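Given next are the chains, with one letter for each unit.
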Amino acid sequence: MSAATVPAGIPVEAPAAARKPGRDRYLDLLRAVALVRVVIYHIFGWAWLTILFPSMGVMFALAGSLMARSLARPALGVIRGRIRRLLPPMWAFSLVAVPMMFALSWQPVKEEGLWWFVKLAWYVFPVGAPPYPWSSGDPAGLLEDTWAIQAAGPLWYIRAYLWFVLASPLLLRAFRKLPWATLLAPLGLTAVIGTGLVTIPGETGNALGDFAVFGSCWILGFAHHDGLFKDVPRYLTISLASIVMGFGLWWASGHLTADGWDLNDIPLAQAAWSLGFCVILLQYAPSWQELPGRLARFDRLVTLANNRAVTIYLWHNLVILATVPLIDLLWKIPYVDAHLGSTVEATYTLLMTLLVWPLIGLVILCVGWVEDVAAKRRPRLWPDGRS
C-alpha cells in the first residue's frame, strides 16, 4: 500500500447522514481534522498520528456515506458528476507538477521507452499510478531530489477514490443484500494480499491493496447512511469495534517496520484499526446543524477546508516542500546567521508548520476556484461561508 497521509470526500458537498436537511457539521469537522492531520503528518512524520487519528480511513468513510446518499439518483449520472468534479483540480495540479519534473531533468522516454506515454494518461484519468521520477534535479538545489516522489505521493488517494466511485453501484447493491459480509469482505481481502499471503506485483498490486485496506471504511459509509447500526445495541457495536482495533494493534506489534508503529506500512493493521475507529466515530455521530460551543469559532475554517478539500490534499506536499527554500533564506540575514542559526535549525519543522498554512491559503486563492468550476458553481476565491 502506498504511504498515505489528506482528503476527505473528494469531491465535497453536503455529507450523507441524511436525517436532517443541510450539512452535517459533525462530519464536516471530521473532514477538516483529517486534512489537518494529513498535513502535520507529512511535516513531522510522527508514526503515532496514524493511530491517534486514521485520516484516510475517516475520509473514505465520509466519502462512502456521501456516495450512498447520491446513489438515490441514477448511478451513471452520479459517477459522471463525481468524475467531473475530481478531474479538473487534478489537471490543475498536473499542469504545474509535470512541467517541473521535465524542467528538472526527467527523461522518461529514455528511461522507460514509449510505454511511458501510455502511463502519462494517468495524469488525465487516474485509474492507474501517474509516473514520476525517483530522482529529479539537484540534491543541493531549491528542491531536494526526491521532491517529485513527495509531490506525487498523495495521488494514490485519487486513484483509490476513483476506483471506489466506479465500483460503488455494485458495492452498494451487494451491501444492501448482504450487509455484514460486504462490510467485512475487504478486511478479508487485506488479510490475503496485504500480508504477503498472495503477492500481486507492480502498481496493480498497490492499487488493489489500497482498495482492500480502505474498502471496509468506504462501505461503512454506506452503513452509516442507511442507519445499519440503529438496529445494533451501541454497547455491542463499540465492543466489537474495540476488538477489531485491538486486533489491528496486535498485528502491528508483530509487523513493525523501520518507521515503527506507522500503520501506513502495515496494511492489515491499518484496515482493522481504521474500520474500528470509524465505527466508533459514526456510531456516536451527533448530526450537528451548527458547530456547538467553542467549536463554533472554527466554523469558517471548517467550511473553507470542506469547500477546498481537493485543493488542500493535492497541493499540500508540494507546499510543504516550498517552505524549505523560504526558511533557508533566513541564513542570508547576517544577524540570524551569526546569532540565531542554531535556533532556526532546532525549530525548523515548527517554522515549516507555521509557514505551510499561509502558503496553503495562497494556493487556495490561486487554484482553489477550479473546484467550483468543476462543480458548475460560481468561482469563489475564499469560500469560508461568509457569503
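Since the structure is predicted, the reported quantities are computational estimates derived from the model, not experimental observations.

### Some points on empty space enclosed by the protein
Here comes step 1: In this structure, the second largest cavity spans a volume of roughly 30 Å³.
Here comes step 2: Of all the secondary-structure elements, those providing two or more residues to the lining of the second largest cavity are α3 (55-70) and α12 (267-283).
Here comes step 3: Considering each element in turn, the lining of the second largest cavity owes the most residues, 3 residues, to α3.
Here comes step 4: Classifying every residue of the lining of the second largest cavity gives 3 nonpolar, 6 polar and 1 charged.

### Things to note about the confidence of the model for the protein chain
Here comes step 1: Residue-level pLDDT values for the protein chain average 90, and 93% of them are 70 or greater.
Here comes step 2: Scored below 50 in pLDDT, residues 1-20 shows 95 contacts in the model against residues more than four places distant or in partner chains.

### Description of the environment of Ile-360
Here comes step 1: The residue Ile-360 is located in helix α16 (residues 348-367) in this model.
Here comes step 2: Among the residues examined, Ile-360 registers a relative accessible area of 7% and is labelled buried.
Here comes step 3: Each C-alpha atom, one on Ile-360 and one on Thr-311, is 8.9 Å from the other, the two residues being 49 residues apart in sequence.
Here comes step 4: In this view, Ile-360 contacts Val-39, Ile-312, His-316 and Val-319; residues no more than four positions away in its chain are not counted.

### Remarks on the pattern of salt bridges
Here comes step 1: Tallied over the full model, the rule gives 11 salt bridges.
Here comes step 2: The shortest N-O distance in the salt bridge between Arg-308 and Asp-372 comes to 2.6 Å. In this pair, Arg-308 sits in the loop between α13 (299-307) and α14 (309-328) while Asp-372 sits in helix α17 (residues 369-374), placing the two residues 64 residues apart along the sequence. Take Arg-308 and Asp-372: they sit in the same class, and that class is buried.
Here comes step 3: One salt-bridge network, held together by shared partners, links Arg-23, Arg-25, Asp-28, Arg-31 and Asp-299.

Calculation criteria
Residues numbered from 1 in each chain as written. Predicted model: local features only at pLDDT ≥ 70, side-chain atom pairs only at ≥ 80, totals over all residues. Heavy atoms only, no water. 1 Å grid on protein atoms, 1.4 Å probe; cavity = no way out; pocket = protein on both sides within 12 Å on 5 of 7 lines; lining within 4 Å. Points joined across faces, edges and corners; volume = space filled by probe spheres on them. Helix = DSSP H or I, 4+ residues; strand = E, 2+ residues; numbered from the N terminus. Nonpolar A, V, L, I, M, F, W, Y, C, P; charged D, E, K, R; others polar. pLDDT = per-residue confidence, 0-100. Contact = heavy atoms within 4.5 Å. Buried < 20%, exposed > 50% of the residue type's maximum accessible area, 1.4 Å probe, protein only. Salt bridge = Lys/Arg side-chain N within 4 Å of Asp/Glu carboxyl O.

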